[in-house]
Amino acid sequence: MRKLNSAMERFALQHPNFGVPNLMLYIVIGNVIAFFLLRMTSGLAIQFLYFDWGLVLRGQIWRLLTFVFVPESTQPFNLILSLYFMYFIGSMLEREWGTPKFNLYYLSGVVLTLITGVASHYAFGYGVLMGTYYVGMSMFLAFAALYPDARLMLLYIIPVKAKWLALADVALFAVDIIAALLRGDWLRALLPVIALLNFLIFFWCEIVDQIDRRRAYARHRNSHQTIQFKSAVRQQRKKEAQQGYRHKCSVCGRTDTDCPDLEFRYCSRCAGYHCFCVDHIFNHEHFKE
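Residues numbered from 1 in each chain as written. Predicted model: local features only at pLDDT ≥ 70, side-chain atom pairs only at ≥ 80, totals over all residues. Heavy atoms only, no water.

Participant: Please set out helix H8 (residues 162–183) residue by residue, giving values where relevant.
Facilitator: With 22 residues, H8 should cover 32 Å at 1.5 Å per step; its first-to-last C-alpha distance of 31 Å lies within 8% of that length. What H8 keeps buried is the set Ala162, Leu165, Ala166, Asp169, Phe173, Ile177 and Ala180. Burial along H8 is one-sided: seen end-on, the buried residues are contained in an arc of 130 degrees. Relative to its buried face, H8 has exposed residues pointing more than 90 degrees away, namely Leu167, Val175 and Leu182. In the segment just after H8, Gly184 is the residue with positive phi, at about 80 degrees. (Helix = DSSP H or I, 4+ residues; strand = E, 2+ residues; numbered from the N terminus. Expected span 1.5 Å × (residues − 1). Buried < 20%, exposed > 50% of the residue type's maximum accessible area, 1.4 Å probe, protein only. Arc of directions from axis to C-beta.)

Participant: Let's hear about the packing of aromatic side chains: which residues, and what values?
Facilitator: By the definition in use, this model includes 17 aromatic pairs. Ring geometry for Trp97 versus Phe203: centroids 5.7 Å apart, planes at 45 degrees, classification tilted. In this pair, Trp97 sits in helix H5 (residues 76–97) while Phe203 sits in helix H9 (residues 186–221), placing the two residues 106 residues apart along the sequence. Residues Trp97 and Phe203 agree in their burial class; the two are buried. (Phe/Tyr/Trp six-rings, centres within 6.5 Å; stacked < 30°, edge-to-face > 60°.)

Participant: Residue-level account of the nonpolar core, with values.
Facilitator: Of all hydrophobic cores here, the largest spans 50 residues; its most connected members are Leu93, Tyr105, Tyr106, Met139 and Phe143. Of all the secondary-structure elements, those providing two or more residues to this core are helix H1 (2–14), helix H2 (23–40), helix H3 (53–57), H5, helix H6 (99–124), helix H7 (133–146), H8 and H9. The element best represented in this core is H7, accounting for 9 residues. With 9 residues, the next largest nonpolar core counts Cys267, Phe276, Cys277 and Ile281 among its residues. (Core = buried A, V, L, I, M, F, W, Y, C linked by side-chain atoms within 4.5 Å.)

Participant: Just give me the short version of unusual backbone geometry, but keep the residues and values in it.
Facilitator: Phi is positive for Asn22, which is not a glycine, with a value near 55 degrees. Within the secondary structure, Asn22 is located in the loop between H1 and H2. The phi torsion at Ser42 lies on the positive side, around 55 degrees, for a residue other than glycine. On the secondary structure map, Ser42 appears in the loop between H2 and H3.

Participant: Lay out H7 with the relevant residues and their values.
Facilitator: The end-to-end C-alpha separation of H7 is 20 Å, in line with the 20 Å expected for 14 residues at 1.5 Å each. With respect to burial, H7 is a largely interior element, 11 of its 14 residues being buried. Buried residues of H7: Tyr134, Val135, Gly136, Met137, Ser138, Met139, Phe140, Leu141, Ala142, Phe143 and Ala144, and no others.

Purely geometric numbers; function is a separate question.
Structure, rendered in structure tokens:
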């Protein structure tokens, strides 16, 4: 997975002119045109737009592309909101990644979806695809990974961070997979998995690196040295509460309570923790073990 991720990154860097700038604008326009076609033909136009590998083999190769433009909703208000959200997410990703990498991300999602449809055609006898709902959801997962603290409006009124919505989407993916398996709809069970796979291809290195950083942080917190330091801090605070002062010079015995304006330092060359006032920090015999 790491090699595939590196290959994608390398391709995007080596081909700066690859892809269609502002790709999501054309996807949105295509969805709007398809929506009006469906409305004008009472839904009959969808018969010429969806993907079916059997029909593609008969020469209807436009279906390899047109299924992308099949709207997810036939309700105008819901369609406007979904297209706006998709355009917003796509534009943010393209701005962050650049046109080549964003086009690669979207294209790989579409290609993986097509491969799943073809495999389903031969394995289960059907492989009809209408729209790219899960490709869009994988785009949102990418957005949440890049901007986890971005606030989005849930139900258009409740501000929620993107990372929590992403977790909810993953949970919905799991529900969709289980529901499809219970129905025996293997294609619908595979599509969410393929969308997650597309996300992992591009974010595998970041996920692994973040896991490694958390493990290293956990090891550091539980290390013997860290535990000793925390214990020393607790003991020092307890000692301060009992003695009534925080710093005391190990030579002259003056404290920060007796002389509030006096500065104190700890000597790094002494064994253990020994404090000295500024008059003796450079003029004392070092403590040895």
